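Architecture and fold: a report
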Amino acid sequence: AALSSKMNTSDDVVWTYCFGESDEDRANACFLLGCFLILRFGWNAEDAAAAFSCPDGFALEPFRDATMNCHSFPLHLQDCLLGFWRAYQFSW
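So, here is what we can say about the structure in this document. Only a predicted model underlies this, so the values are computations on that prediction, with no experimental measurement involved.

1. Some words on helix H4 (residues 77–89)
Taking 1.5 Å as the rise per residue, H4 with 13 residues should run 18 Å; its terminal C-alpha atoms sit 18 Å apart, in good agreement. After H4 finishes, the residue Ser91 shows a positive phi value of roughly 60°.

2. Description of the environment of Ala27
With respect to the helices, strands and loops of the structure, Ala27 is situated in helix H2 (residues 23–41). For the pair Ala27 and Leu77, spaced 50 residues apart in the sequence, the C-alpha separation amounts to 7.4 Å.

3. Topic: unusual backbone geometry
The backbone phi angle of Ser91 is positive, close to 60°, even though this residue is not glycine. Take Ser91: its relative accessible area is 68%, and that puts it in the exposed class.

4. Looking at the nonpolar core
One finds Ala27, Cys30, Cys35, Leu37, Ile38, Ala45, Ala48, Ala49, Leu60, Phe63, Leu77 and Leu81 forming the largest nonpolar core, which totals 12 residues. Those elements giving two or more residues to this core turn out to be H2, helix H3 (45–50) and H4. The greatest single-element share of this core, amounting to 5 residues, is contributed by H2. Apart from residues no more than four positions distant in its own chain, Cys30 is found in contact with Phe52, Leu60 and Leu77.

5. Details of the layout of surface pockets
By volume, the second largest pocket amounts to about 190 Å³. Forming the walls of the second largest pocket are 11 residues, and the residues nearest its centre are Phe52, Ala59, Leu60, His76 and Leu77. Its residues placed into classes, the lining of the second largest pocket shows 7 nonpolar, 3 polar and 1 charged.

6. With respect to the pattern of salt bridges
Counting across every chain of the model gives 1 salt bridge. Two residues, Arg26 and Asp23, come together in a salt bridge whose shortest N-O distance is 3.1 Å. Here Arg26 and its partner Asp23 are both found in helix H2, 3 residues apart, which amounts to about one turn of the helix. Judged by relative accessible area, which is 25%, Arg26 ranks as partly exposed.

Thresholds applied
- Residues numbered from 1 in each chain as written.
- Predicted model: local features only at pLDDT ≥ 70, side-chain atom pairs only at ≥ 80, totals over all residues.
- Heavy atoms only, no water.
- Helix = DSSP H or I, 4+ residues; strand = E, 2+ residues; numbered from the N terminus.
- Expected span 1.5 Å × (residues − 1).
- Buried < 20%, exposed > 50% of the residue type's maximum accessible area, 1.4 Å probe, protein only.
- Core = buried A, V, L, I, M, F, W, Y, C linked by side-chain atoms within 4.5 Å.
- Contact = heavy atoms within 4.5 Å.
- 1 Å grid on protein atoms, 1.4 Å probe; cavity = no way out; pocket = protein on both sides within 12 Å on 5 of 7 lines; lining within 4 Å.
- Points joined across faces, edges and corners; volume = space filled by probe spheres on them.
- Nonpolar A, V, L, I, M, F, W, Y, C, P; charged D, E, K, R; others polar.
- Salt bridge = Lys/Arg side-chain N within 4 Å of Asp/Glu carboxyl O.

Quick look at the structure:
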């Protein structure tokens, strides 16, 4: 409750998020920060994903399904954030 109260009363709070150096860590961090943008600031999935795009062609590691088999399609950041955003819209 104290953290939520501080977030709502101060516009000059700086948030720091640390993550590992692997491609998977970077992708997971972008997903979690994208979820934060959706929940805290009401962004849609497309805008949240666009916040992590780079003009120099840098691409995040795609996510994959949870099976042990070879995955048949990549899940990009925007796909995952869209799923999260839709679940949030339905209060899941």
